[in-house]
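What follows is each chain in one-letter form.
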Amino acid sequence: MRHWNFWLNSFILASQYNPPRFVELVMLMLAIAMLAIAVILPEKPYLILGLSFVVGASISILVREAIAPSAENKVTQLTALLLLFISLYGFADLLKTL
C-alpha cells in the first residue's frame, strides 16, 4: 500500500510543479498506449487517436518552448518537430490508404 501511496504523491507533485509538462507527458503516454494497441489490433481509430495525441503534445511543446525556453531548448524543439513531422506523415499515409 505504501508503494502506491508514494507513486500517487509523486504524480500529484509533478502535476502541481509544472502543469504544461505534465499534460504533455500524459498525452505522450496515451499516444504510446494507443499506437501500441493499433499495432496489436490493426484498427484505424486507435491509430488516429494516437497520432492526434502526438500532434497535440508536439504543438504544445513547441508553444511552451517559444514562450519560456528551457535549458535544453534546441533538443526539445528538434524532438518535438521530429514527432510532429512523423505524425503528420502518418496522417498523410492514413488518408492515402482510405
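Below: a short report on this structure. (Residues numbered from 1 in each chain as written. Predicted model: local features only at pLDDT ≥ 70, side-chain atom pairs only at ≥ 80, totals over all residues. Heavy atoms only, no water.)

Points about the packing of helix α3 (residues 44-67) against helix α4 (residues 73-97)
Heads up, the condition is: Axis definition: a line fitted to C-alpha atoms, over the contacting stretch in the case of helices. Angles run 0 to 180 degrees between N-to-C directions. By the criteria applied, helices consist of DSSP H or I runs no shorter than four residues and strands consist of E runs no shorter than two, each listed in order from the N terminus. Under this scheme an angle from 65 to 115 degrees is roughly perpendicular, one under 35 degrees roughly parallel, and one over 145 degrees roughly antiparallel; angles in between are oblique. Helix crossings get a hand from a simple test, with the near helix turned counterclockwise from the far one by less than a right angle marking a left-handed crossing and a clockwise turn marking a right-handed one. Each residue is assigned to one class: nonpolar for Ala, Val, Leu, Ile, Met, Phe, Trp, Tyr, Cys and Pro, charged for Asp, Glu, Lys and Arg, and polar for all the others, Gly among them.
Their axes nearest at 9 Å, the elements α3 and α4 cross at an angle of 150°. Judged on the interaxial angle alone, α4 and α3 are roughly antiparallel. The interaxial crossing formed by α3 with α4 has left-handed handedness. When grouped by side-chain class, the residues that make up the contact of α3 with α4 number 15 nonpolar, 8 polar and 2 charged.

Considerations on a nonpolar patch on the surface
To keep it simple, the criterion reads: In this scheme, patches are assembled from residues that exceed 30% relative accessible area and form no salt bridge. Like charges are connected within 9 Å, while nonpolar side chains (Val, Leu, Ile, Met, Phe, Trp, Tyr) are connected within 5 Å. Accessibility throughout is a Shrake-Rupley quantity obtained with a 1.4 Å probe, and a residue counts as covered only by protein chains that appear here. Each reported salt bridge corresponds to a side-chain nitrogen of Lys or Arg within 4 Å of a carboxyl oxygen of Asp or Glu.
On the surface, Trp4, Phe6 and Trp7 cluster together to form a nonpolar patch covering roughly 440 Å² of accessible area. Turning to its location among the elements, Phe6 is positioned in helix α1 (residues 2-17).

A closer look at the pattern of salt bridges
Our working definition: Under the scheme applied here, a residue whose accessible area is under 20% of the maximum for its type counts as buried, over 50% as exposed, and between as partly exposed, the area being computed with a 1.4 Å probe on protein chains only.
Under the counting rule described, the total for this entry stands at 2 salt bridges. We note a salt bridge from Arg64 to Glu24, for which the minimum N-O separation is 2.8 Å. Of this pair, Arg64 sits in helix α3 while Glu24 sits in helix α2 (residues 19-40); the two residues are 40 residues apart in sequence, bridging distant segments of the chain. For the pair Arg64 and Glu24, a shared accessibility class is recorded, and that class is buried.

Geometric descriptors of this kind do not, in isolation, establish any biological role.
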